[in-house]
Amino acid sequence: MKRFFFFIAVLIGFLSCKEVKKEEKTEVAEAPAPEIKLYTFDGGTVMVNNLELFSQDTTYQGQTKEFADPFYVVVHPKGTLMWDAGLPQMLVGQPEYTDQSGAFTVSRKDSVVNQLKKIGMTPDDIDFMALSHTHFDHSGHANTMKNATWLVQGPEYDFITSEEVKNSGEGIYEAIQELDKIQKIEGDYDVFGDGTVIMKSMPGHTPGHQVLFLNLLENGPTLLTGDLYHLYENREYKRVPSFNYDVEETLASMEAFETFAKEKGARVYVQHQKEDFNKMPKAPEYLK
């Protein structure tokens, strides 16, 4: 009988411990994920007249392709981030322009100020700006965002502010020269500190190229490629444009990107691919 009562006492003690542990688990329950909105805007159109530039060989010889050129606004409970900045705003209201080499014909229909009005914002409402990289088709209205903090990879900042680039006459330094609220980062960067908006370092196209990861409530893990890939085919066959800064770095970034995308089960959006641009809801609608 004593053994029976001893057993009951041990059992009661065990159940009491389980109840305490259960209560402890309840107390440390995770906070609900924040609602994030991804707005997509039109930063212009790039007609590639010589698609062969987008491979190391003659795969695309004689081919042309029309590229989309979007920019995005991410609205998070802790602030707003603009990702990329489209083509130069001087193109707005102008006829199509073809560069001296004849490789690209570009156009842009609307300014960033007009487009932000669709979501009730002005440039002053943007807390952070980040460019996947500083080529002319991604930095077009960057100077307009001079009150935002520019989040830039250290190697990209060194590249765009180098004397070689400043004196190149290509105008890509001028696109960012009015930005003075600068936060240099090294490697991956969690913008709002909760894992929902992360810039991931993927160099090679330029020294500090990066892509953007978002963890959206409905769309789930989402990746914007910047110019790691320009075409579906370049992603499938790991083709590297002839004008990339570093081929080996690009290939390493592609491998890292695919590993990360698979690990997260992410939906990938190739920014210049028109089909991916067309499937995105356009402001004032948003991906969530």
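To be clear, the structure that these remarks concern was listed above.
So, how was this worked out
Residues numbered from 1 in each chain as written. Predicted model: local features only at pLDDT ≥ 70, side-chain atom pairs only at ≥ 80, totals over all residues. Heavy atoms only, no water. Helix = DSSP H or I, 4+ residues; strand = E, 2+ residues; numbered from the N terminus. Buried < 20%, exposed > 50% of the residue type's maximum accessible area, 1.4 Å probe, protein only. Pairing = 2+ DSSP bridges. Salt bridge = Lys/Arg side-chain N within 4 Å of Asp/Glu carboxyl O.

1. A few points about unusual backbone geometry
Link 1 in the chain: Looking along the chain, the bond that leaves Ala283 and enters Pro284 is cis, with omega of 15°.
Link 2 in the chain: Despite not being glycine, Asp84 shows a phi value in the positive range, around 70°.
Link 3 in the chain: Take Asp84: it is sitting in the loop between strand E3 (79-83) and strand E4 (97-98).
Link 4 in the chain: We classify Asp84 as buried; its relative accessible area is 0%.

2. What about the sheet that holds E4?
Link 1 in the chain: The eight strands lie next to each other as E4-E5-E1-E2-E3-E6-E7-E8, forming an open sheet whose pairing is mixed. Unpaired on one side and paired on the other, E4 and strand E8 (182-185) mark the two borders of the sheet.

3. Let's talk about the environment of Pro77
Link 1 in the chain: With respect to the helices and strands, Pro77 occurs in the loop between strand E2 (65-76) and E3.
Link 2 in the chain: Judged by its relative accessible area of 60%, Pro77 falls in the exposed class.

4. Thoughts on the sheet that holds strand E12 (residues 220-224)
Link 1 in the chain: Read across the sheet, five strands follow the order E9-E10-E11-E12-E13 without closing on themselves; strand pairing throughout is mixed. Two strands close off the open sheet at either side, each with one partner strand: strand E9 (189-190) and strand E13 (267-269).
Link 2 in the chain: As paired strands, strand E10 (residues 197-201) and strand E11 (residues 210-216) are joined by five bridges and run antiparallel to one another. Directly across from Ser201, in E11, lies its bridge partner Gln210.

5. Structural notes on the pairing of strand E1 (residues 37-48)
Along a regular strand, successive side chains alternate from one face of the sheet to the other.
Link 1 in the chain: Bridge count for E1 against E2 is ten bridges, and the pairing is antiparallel. Bridge pairing in E2 places Thr45 opposite Ala68.
Link 2 in the chain: By the bridge criterion, four bridges tie E1 to strand E5 (residues 104-107) in an arrangement that is antiparallel. The residue of E5 that forms the bridge with Thr45 is Ser107.

6. Brief notes about the pattern of salt bridges
Link 1 in the chain: Scanning the entire structure with this criterion turns up six salt bridges.
Link 2 in the chain: A salt bridge links Glu218 to Lys288, with the nearest nitrogen and oxygen atoms 3.8 Å apart. Of this pair, Glu218 sits in the loop between E11 and E12 while Lys288 sits in the segment after helix H7 (274-279), and the two are 70 residues apart along the sequence.
Link 3 in the chain: A relative accessible area of 57% places Glu218 in the exposed class.
Link 4 in the chain: Between Lys279 and Asp276 there is a salt bridge, with the nearest N and O atoms lying 3.1 Å from each other. Here Lys279 pairs with Asp276, and both are found in helix H7, just three residues apart, close to one helical turn.
Link 5 in the chain: We classify Lys279 as exposed; its relative accessible area is 53%.

The values reported here are purely geometric and, on their own, carry no functional implication.
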